[in-house]
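A closer look at the structure
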Amino acid sequence: MTDIQTQEDIYRIVAEFYKKLFADERISYIFTDVIPVHEKLEEHLQILVKFWSQSLLGTGGYFNNLTQIHLDVDTLSALTKDHFDIWLSHFETAIDENFEGFTCERMKNMAHNLSTIMQIKIKQKNG
């Protein structure tokens, strides 16, 4: 296996990741009922590719407020530590099944950091 090198590689990861999320009833409802990502999946995947490509490859192009997006979702349906753990597990699996190397490890570390930050921000918002 090779390391992540291109936006196409990142697309492969996020597409596989979302297959795993949709197949897991513990979390899939967030992406179908709470925020119907499945209705515009390709558009959503492209946004995720921009985010990760900017973070890992320095390509730029992501301008959304990642924190606010997750705070808004939490307002609609509580995001718990279990949700973030499931998210991380599927994300890491999607990476590990397809790639290996330094950039892969960076991506997993960034995902863990994002998970921690989001959980802190949600706790702050909810008092």
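Up top is the structure these notes are about.
Residue positions within a chain follow its written sequence, with the count starting from 1. Selection of residues for local features in this predicted model requires a pLDDT of at least 70, selection of side-chain atom pairs for listing and counting requires 80 or more, and totals for whole chains, interfaces and linings are taken over all residues. Calculation of side-chain values draws on the structure's entire complement of heavy atoms; hydrogens and water are dropped beforehand.

1. As for the environment of Ile4
Positionally, Ile4 belongs in the segment before helix H1 (7-23). Considering only alpha carbons, one finds Ile4 and Gln46, 42 residues apart in sequence, at a separation of 16 Å. The residues contacting Ile4, other than those within four sequence positions of it, are Asp9, Ile10, Ile13, Phe99, Thr103, Cys104 and Met107. Counting from the N terminus, the helices are DSSP H or I runs at least four residues long and the strands are E runs at least two residues long. Contact criterion: two residues are considered in contact whenever any of their non-hydrogen atoms come within 4.5 Å of each other.

2. Some thoughts on the environment of Phe63
Tracing the sequence through the fold places Phe63 in the loop between helix H3 (41-57) and helix H4 (66-76). Remark: exposure states derive from per-residue accessible area (1.4 Å probe, protein chains only) relative to the maximum for the residue type, with buried under 20%, exposed over 50%, and partly exposed in between. On the basis of relative accessible area, Phe63 is assigned to the exposed category, the value being 73%. Considered as a pair, Phe63 and Ile47 are 16 residues apart in the sequence and their alpha carbons are 9.5 Å apart.

3. Quick notes on the packing of aromatic side chains
Two aromatic rings, drawn from Phe, Tyr or Trp (for Trp, its six-membered ring), form a pair once their centres lie within 6.5 Å of each other, and the interplanar angle then sorts them: stacked below 30 degrees, edge-to-face above 60, tilted otherwise. According to the stated counting rule, one finds nine aromatic pairs in the structure shown. Taking 5.0 Å as the distance between ring centres and 85 degrees as the angle between the ring planes, the aromatic pair formed by Phe17 and Phe91 counts as edge-to-face. One end of the pair, Phe17, is in helix H1; the other, Phe91, is in helix H5 (residues 81-96), and 74 residues separate them in sequence. On the accessibility criterion, Phe17 (3% relative accessible area) is buried. Assessed through its relative accessible area of 1%, Phe91 is described here as buried. One aromatic cluster is present, formed by Phe17, Tyr18, Phe22, Phe31, Phe51, Trp52, Tyr62, Trp87 and Phe91 through successive ring pairs.

4. Thoughts on helix H6 (residues 102-126)
A rise of 1.5 Å per residue sets the reference length of H6, with its 25 residues, at 36 Å; its end C-alpha atoms lie 36 Å apart and thus fit the reference within 8%. Taken residue by residue, H6 has Thr103, Cys104, Met107, Lys108, Ala111, Leu114, Ser115, Met118, Gln119 and Ile122 as its buried positions. Among the structural elements, H1, H3, H4 and H5 are those in contact with the buried residues of H6. Downstream of H6 by one or two residues, Gly127 has phi in the positive range, about 75 degrees. The length a helix should cover is 1.5 Å for every residue beyond the first.

5. Points about the pattern of salt bridges
Any Lys or Arg side-chain nitrogen located within 4 Å of an Asp or Glu carboxyl oxygen qualifies as a salt bridge. Within the structure shown, the criterion is met by eight salt bridges. With its nearest N and O atoms 3.6 Å apart, the salt bridge here joins Glu16 to Lys20. With Glu16 and Lys20 both in helix H1, this residue pair falls four residues apart, about one helical turn. A salt bridge links Lys108 to Glu105; its shortest N-O distance comes to 2.9 Å.

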